[in-house]
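Okay, here's what each chain looks like letter by letter:
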Amino acid sequence: MTTVESDDWLSNLAKERADLDRSTTAERVADKLRDSVLAGHIKPGRQLNEKALGEALRVSRNTLREAFRLLTHERLLVHEYSRGVFVRVPEVADIRDLYAARRVIETGAVRHWDRAPEAARQAVRDAVALGVGRRERDDWSGVGTANVRFHQAVTALAGSSRLDEEMRRLLAELRLAFVVMGDSRVFYEDYLTLNEEMLAHLDAGQVPEAERAMLRYLDRAEEHLATGLRDS
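About the criteria used
Residues numbered from 1 in each chain as written. Predicted model: local features only at pLDDT ≥ 70, side-chain atom pairs only at ≥ 80, totals over all residues. Heavy atoms only, no water. Helix = DSSP H or I, 4+ residues; strand = E, 2+ residues; numbered from the N terminus. Pairing = 2+ DSSP bridges. pLDDT = per-residue confidence, 0-100. Contact = heavy atoms within 4.5 Å. Phe/Tyr/Trp six-rings, centres within 6.5 Å; stacked < 30°, edge-to-face > 60°. Buried < 20%, exposed > 50% of the residue type's maximum accessible area, 1.4 Å probe, protein only. Lys NZ or Arg CZ within 6 Å of the ring centre and 35° of its normal. Core = buried A, V, L, I, M, F, W, Y, C linked by side-chain atoms within 4.5 Å. Axes fitted to C-alpha atoms, helices over the stretch in contact; angles between N-to-C directions. Parallel < 35°, antiparallel > 145°, perpendicular 65-115°, else oblique. Nonpolar A, V, L, I, M, F, W, Y, C, P; charged D, E, K, R; others polar. Salt bridge = Lys/Arg side-chain N within 4 Å of Asp/Glu carboxyl O.

Novice: How should unusual backbone geometry be read in this particular structure?
Specialist: Glycine aside, the phi torsion of most residues is negative, and most peptide linkages are trans. Its identity is not glycine, yet Arg58 carries a phi of approximately 60°, on the positive side. Structurally, Arg58 can be placed in the loop between helix 3 (50-57) and helix 4 (61-73). Even without glycine at this site, Arg75 takes up a positive phi of about 70°.

In structure tokens, the structure reads:
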């Protein structure tokens, strides 16, 4: 490659810098919106106002629209022609697909317990302890947040940043279904007990039993959500 060719390549790349800066900002905006979905702050079916969001986040309309595009690709948002952008309302088929993915990821991650770093194992314990603490305060929304952390911590046992990222997306999409279910206590009360059961197996070195407990958890949660969505 000659020097001229190299200079031409750099010049062309420099012309695209503005698009790169906007894309990077859009990814950060998408992260903020995704986190709001994961925390349950943005409800399914809600329309997102471009002007209000742009002013709140101090970003351009183009940047915000790129963030919307990213989250639409992740199936968290949906664009309705001539109406605008809305937070997606999940369907039963979505739940089936999401839980098929979770079974592969989370049961596989559980098998890494014995060789995972102690900090990763402690994160699983901390998530259960957080849920127990929130239950004692009768804070069932907090129990839901702790439940999300538990499953993120289980996934992190595998030591893969790609799996961590994928689980984050899956849980954000599932959180939409959790909100549709309504009463947080009715939904989360039994699942915290199942998390405690899984942790007890893991701390006792009973990894196969923990894996089976995870499958029971996921089977039960899938049917719970699918039934709730059909009845809603």
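Novice: What am I meant to see in the pairing of strand 2 (residues 77-80) here?
Specialist: It is a general feature of regular strands that their side chains alternate between the two faces of the sheet. As judged from the four bridges shared by strand 2 and strand 3 (residues 84-87), these two strands associate in the antiparallel manner. Across the sheet, residue Val78 finds its bridge partner in strand 3, namely Phe86. Between the end of strand 2 and the start of strand 3, which pair antiparallel, lie three residues, with Ser82 showing a positive phi angle near 70°.

Novice: Quick question: what am I supposed to make of the confidence of the model for the protein chain here?
Specialist: Any segment with low pLDDT has predicted coordinates that should not be analysed in fine detail. Per-residue pLDDT for the protein chain averages 87, and the proportion of residues at 70 or more is 87%. Per-residue pLDDT stays below 50 along residues 1-6; that stretch engages in one contact with residues further than four places along the chain or on separate chains.

Novice: Please clarify how the packing of aromatic side chains should be interpreted in this entry.
Specialist: Tallied over the full model, the rule gives one aromatic pair. Geometrically, the ring pair formed by Tyr191 and Tyr217 is edge-to-face, given 5.1 Å between the ring centres and 65° between the ring planes. Of this pair, Tyr191 sits in helix 9 (residues 184-203) while Tyr217 sits in helix 10 (residues 207-231), placing them 26 residues apart in sequence. Summarising the burial analysis for this pair, Tyr191 and Tyr217 share the class buried. Directly above the ring of Trp113 sits Arg121, whose terminal nitrogen or CZ lies 5.9 Å from the centroid.

Novice: Before we go on, may I ask you to explain the nonpolar core in this structure?
Specialist: The tendency in soluble globular proteins is for nonpolar side chains to be buried side by side. Counting residues in hydrophobic clusters, the biggest one holds 43 residues, and the most contacted among them are Tyr99, Val124, Leu174 and Leu225. Mapped by element, the contributors of at least two residues to this core are helix 5 (92-110), helix 6 (118-136), helix 7 (140-156), helix 8 (161-181), helix 9 and helix 10. Counting residues per element, this core draws most heavily on helix 10, at nine residues. Ignoring anything within four residues of it in the chain, the contact list for Val124 reads Trp113, Phe150, Ala153, Val154, Leu157 and Leu199. Ranked by size, the runner-up nonpolar core spans 18 residues in total, among them Ile42, Leu77, Val85 and Leu176.

Novice: Which parts of the structure should I look at to understand the sheet that holds strand 3?
Specialist: Paired through backbone hydrogen bonds, the strands of a sheet run either parallel or antiparallel to each other. Read across the sheet, three strands follow the order 1-3-2 without closing on themselves; strand pairing throughout is antiparallel. With one partner strand each, in any of the chains shown, strand 1 (47-48) and strand 2 form the two edges of the open sheet. Two strands pair when backbone bridges link them, and strand 1 and strand 3 are joined in this way by two bridges, in the antiparallel orientation. Within the sheet, the bridge partner assigned to Gln47 lies in strand 3 and is Phe86. Packing against the sheet, helix 4 makes contact with strand 1, strand 2 and strand 3, and its axis sits at approximately 110° to strand 2.

Novice: Would you take a moment to explain the packing of helix 5 against helix 10 for this structure?
Specialist: Axis angle and axis distance: for two packed helices, these are the angle between their axes and the distance between the axes, and together they describe the pair. With their axes 10 Å apart at the nearest point, helix 5 and helix 10 run at an angle of 170° to one another. The pairing of helix 5 with helix 10 is recorded here as roughly antiparallel in orientation. Here the contact of helix 5 with helix 10 is composed, by residue class, of 14 nonpolar, one polar and nine charged.

Novice: Is there a simple way to think about the environment of Gly144 in this case?
Specialist: Within the element layout of this structure, Gly144 appears in helix 7. The exposure class of Gly144 is buried, given its relative accessible area of 0%. In this structure, the C-alpha to C-alpha distance between Gly144 and Leu192, residues 48 residues apart in sequence, is 8.8 Å. Ignoring sequence-local partners within four residues, the contact set of Gly144 consists of Arg175 and Tyr188.

Novice: Help me understand the pattern of salt bridges in this model?
Specialist: Once the charged atoms of two side chains with opposite charge are near each other, the side chains can pair. The full count for this structure, using the stated rule, is 25 salt bridges. Note that Arg169 and Glu166 form a salt bridge whose closest N and O atoms lie 2.5 Å from each other. Separated by three residues within a single helix, Arg169 and Glu166 lie in helix 8, roughly one turn from each other. Taking the relative accessible area as the measure of exposure, Arg169 reaches 26% and is therefore partly exposed.

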